[in-house]
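Take a look at the letters that make up each chain.
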Amino acid sequence: MALKLEPGARLVVATHNPGKARELAAILENRFDLVTAGELGLPEPEETETTFVGNALLKARAAAQASGLIALADDSGLSVAALDGAPGVYSARWAGPDKDFGLAMAKVEERLQATGLEDCAAWFTCALAVAWPHEGPALVVEGRVDGQLTFPGRGRRGFGYDPIFTPDGGALTFGEMEPAAKDAMSHRARAFEKLKAALL
Ligand code: ITT
């Protein structure tokens, strides 16, 4: 039988990141009855995989098993071309235990400066995984948006690395853009388009 998600289905959004939870709720547009992993008090699994796809699946499966609900997980991050794709899956970890993204962005700037700052190309990736409870099936898709890094960062909207990322073809950083404008073109929105095509 083909995997389907019925409108109105109860879904646990398996993230403890409020920025992501907010964007996912906006992108999902009231299609589902959402509850977050935080609201259910679900533990945060250790992200032991080395790919976005692997970690998204791991988080979705853990939440589906712990909650008995269908789970949607997001694993995402910033990749910098001149840094061979770093921080990539380690994007959250570059912010340290205090989740200090000022520190993480300074680290990116310092490493990029050491390369001579000639190539500032970067991209965000988002893997979205849906898992069904009781060791059931799972599905995973990936979206990407390309852009350039600029320093100092600009804008207080969004979250994480948004102030230093300007999507190709635009003038504003993700940190300066209206939330709806980011949600119309982000890696997360692009991944959700693929999920919709596969599941809805
Ligand atoms: P969960 O695992 O609980 O979902 P997390 O923040 O640990 O939360 P990730 O492991 O997927 O999630 O880390 C992704 C990091 O990449 C995230 O903390 C952000 O700093 C960054 N990131 C992802 N999407 C982003 C976006 O749209 N804008 C800015 N930064 C983003």
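Above this text is the structure in question.
What you are looking at is a predicted structure, and each value in this text was computed from that prediction instead of being measured.

Undergrad: Please explain the environment of Trp 94 as it appears in this structure.
TA: Its location among the elements puts Trp 94 in the loop between β3 (70–80) and α3 (101–114). By relative accessible area, which is 12% here, Trp 94 ends up buried. In contact with Trp 94, not counting residues within four places along its chain, are Ala 86, Pro 87, Leu 103, Ala 104, Lys 107, Val 108, Arg 111 and Tyr 161.

Undergrad: Would you explain unusual backbone geometry in this entry?
TA: As a rule of thumb, non-glycine residues mostly have phi less than zero, and peptide bonds are mostly trans rather than cis. Ala 86 connects to Pro 87 through a cis peptide bond whose omega is -5°. With respect to the helices, strands and loops of the structure, Pro 87 is situated in the loop between β3 and α3. Here the bond from Phe 151 into Pro 152 is cis, since omega is -5°, no more than 30 degrees from zero. Assignment of secondary structure puts Pro 152 in the loop between β5 (138–149) and β6 (165–167). A positive phi is found at Asn 30, a non-glycine position, where the angle reads about 55°. Within the element layout of this structure, Asn 30 appears in the loop between α1 (18–28) and β2 (33–36). Judged by relative accessible area, Asn 30 falls into the exposed class, the value being 77%. Despite not being glycine, Asp 84 has its phi angle at roughly 55°, a positive value. By the secondary structure assignment, Asp 84 is in the loop between β3 and α3.

Definitions and cut-offs
Residues numbered from 1 in each chain as written. Predicted model: local features only at pLDDT ≥ 70, side-chain atom pairs only at ≥ 80, totals over all residues. Heavy atoms only, no water. Helix = DSSP H or I, 4+ residues; strand = E, 2+ residues; numbered from the N terminus. Buried < 20%, exposed > 50% of the residue type's maximum accessible area, 1.4 Å probe, protein only. Contact = heavy atoms within 4.5 Å.

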